[in-house]
Amino acid sequence: MNWMLLKLFRIPIFLFLCSFVLLFIAMNGFHGLIHSTLFSGISDLFVKGAALLSITLFSISILWAVYCGYQFWRWDKGSGEFCHNCGGITEYKDGRYGPYQKCLMCGTNKSI
């Protein structure tokens, strides 16, 4: 079940970490460019854009995590999509041969 939760929340965790890495790089990695007269306008624009992008990624990660929590809550209450093999949470995928559901717990696929 721990792997299922990690697979369910992998994208929000990745976006959350990317937002902080981007903010750290924007605020600490460009001090030399900020003080130069040649790149002062570009570096200020980059820092403002990186901060805005970081806030956007953070917001998207929080909203996505809430949605994943809602999926887990529905599965725990018995009203979500279940795996036909083990009863784990399934996610919708569109593959080469059409749409299917993939189980996050055991990895089996079921054609829709």
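Everything below is about the structure shown above.
As the structure is a prediction and not an experimental result, all values here were calculated from the model.

(A) Quick look at helix H2 (residues 10–28). Between its first and last C-alpha atoms H2 spans 27 Å; for 19 residues at 1.5 Å apiece the expected length is 27 Å, and the two agree. Looking only at H2, the buried set comprises Pro 12, Leu 15, Ser 19 and Ala 26. Down the axis of H2, the buried set is contained in an arc of 65°. They therefore lie on one face. Among the exposed residues of H2, those pointing more than 90 degrees away from its buried face are Phe 14, Leu 17 and Phe 24.

(B) Just the pattern of salt bridges, in detail. All chains considered together, the criterion is met by two salt bridges. A salt bridge links Glu 91 to Arg 10; the nearest nitrogen and oxygen atoms lie 3.4 Å apart. Of the two residues, Glu 91 sits in strand E1 (residues 90–95) while Arg 10 sits in helix H2, which places them 81 residues apart along the sequence. What makes Arg 10 partly exposed here is its relative accessible area of 38%. Three or more residues joined by partner-sharing salt bridges are found here, namely Arg 10, Glu 91 and Lys 93.

(C) Local environment of the pairing of E1. Inspection of the sheet shows E1 paired to strand E2 (residues 98–103) by six bridges, in the antiparallel sense. Opposite Tyr 92, over in E2, you have Gln 101 as the bridge partner. Two successive antiparallel strands, E1 and E2, enclose a turn made up of two residues.

(D) Quick peek at a nonpolar patch on the surface. Together, Trp 3, Leu 6, Ile 13, Phe 16, Leu 17, Phe 20, Phe 58, Ile 62 and Val 66 give the surface a local cluster of nonpolar side chains, amounting to about 890 Å² of exposed area. At the level of elements, helix H1 (2–8), H2 and helix H4 (40–77) are the ones that each hand at least two residues to the nonpolar patch. A total of four residues in the nonpolar patch trace back to one element, the largest contributor, which is H2. Relative to the assigned elements, Ile 62 resides in helix H4.

(E) Main features of the nonpolar core. With six residues, the main nonpolar core is built from Met 4, Leu 8, Cys 68, Trp 75, Ile 89 and Leu 104. Aside from chain neighbours lying at most four places away, what touches Met 4 is Trp 75, Gly 88, Ile 89, Leu 104 and Met 105.

(F) The environment of Gly 49, seen in detail. Mapped onto the secondary structure, Gly 49 falls in helix H4. Residues Gly 49 and Leu 23, 26 residues apart in the sequence, show an inter-C-alpha distance of 10.0 Å.

(G) Representation of the side chain of Ser 19 in the model. Mapped onto the fold, Ser 19 is located in helix H2. A polar contact is formed between the side chain of Ser 19 and the backbone oxygen of Phe 16, at a distance of 2.7 Å. In this view, Ser 19 contacts Ser 54, Leu 57 and Phe 58; residues no more than four positions away in its chain are not counted.

(H) Representation of the sheet that holds E2 in the model. Strand order in the open sheet formed by three strands is E1-E2-E3, with antiparallel pairing between adjacent strands. Each having just a single partner strand, E1 and strand E3 (109–111) make up the two edges of the open sheet. Put simply, the sheet's adjacent strands are angled 30° from each other on average, direction ignored. As defined by bridge partners, E2 adjoins E3 across three bridges and the pair is classed as antiparallel. If you follow Gln 101 over to E3, its bridge partner there is Lys 110.

Rules of the game
- Residues numbered from 1 in each chain as written.
- Predicted model: local features only at pLDDT ≥ 70, side-chain atom pairs only at ≥ 80, totals over all residues.
- Heavy atoms only, no water.
- Helix = DSSP H or I, 4+ residues; strand = E, 2+ residues; numbered from the N terminus.
- Expected span 1.5 Å × (residues − 1).
- Buried < 20%, exposed > 50% of the residue type's maximum accessible area, 1.4 Å probe, protein only.
- Arc of directions from axis to C-beta.
- Salt bridge = Lys/Arg side-chain N within 4 Å of Asp/Glu carboxyl O.
- Pairing = 2+ DSSP bridges.
- Patch = residues over 30% accessible without salt bridge, like charges linked within 9 Å, V, L, I, M, F, W, Y side chains within 5 Å.
- Areas by Shrake-Rupley, 256 points an atom, 1.4 Å probe, with all protein chains shown as cover.
- Core = buried A, V, L, I, M, F, W, Y, C linked by side-chain atoms within 4.5 Å.
- Contact = heavy atoms within 4.5 Å.
- Polar contact = N/O pair within 3.5 Å; in protein donor to acceptor, adjacent residues only side chain to side chain.
- Axes fitted to C-alpha atoms, helices over the stretch in contact; angles between N-to-C directions.

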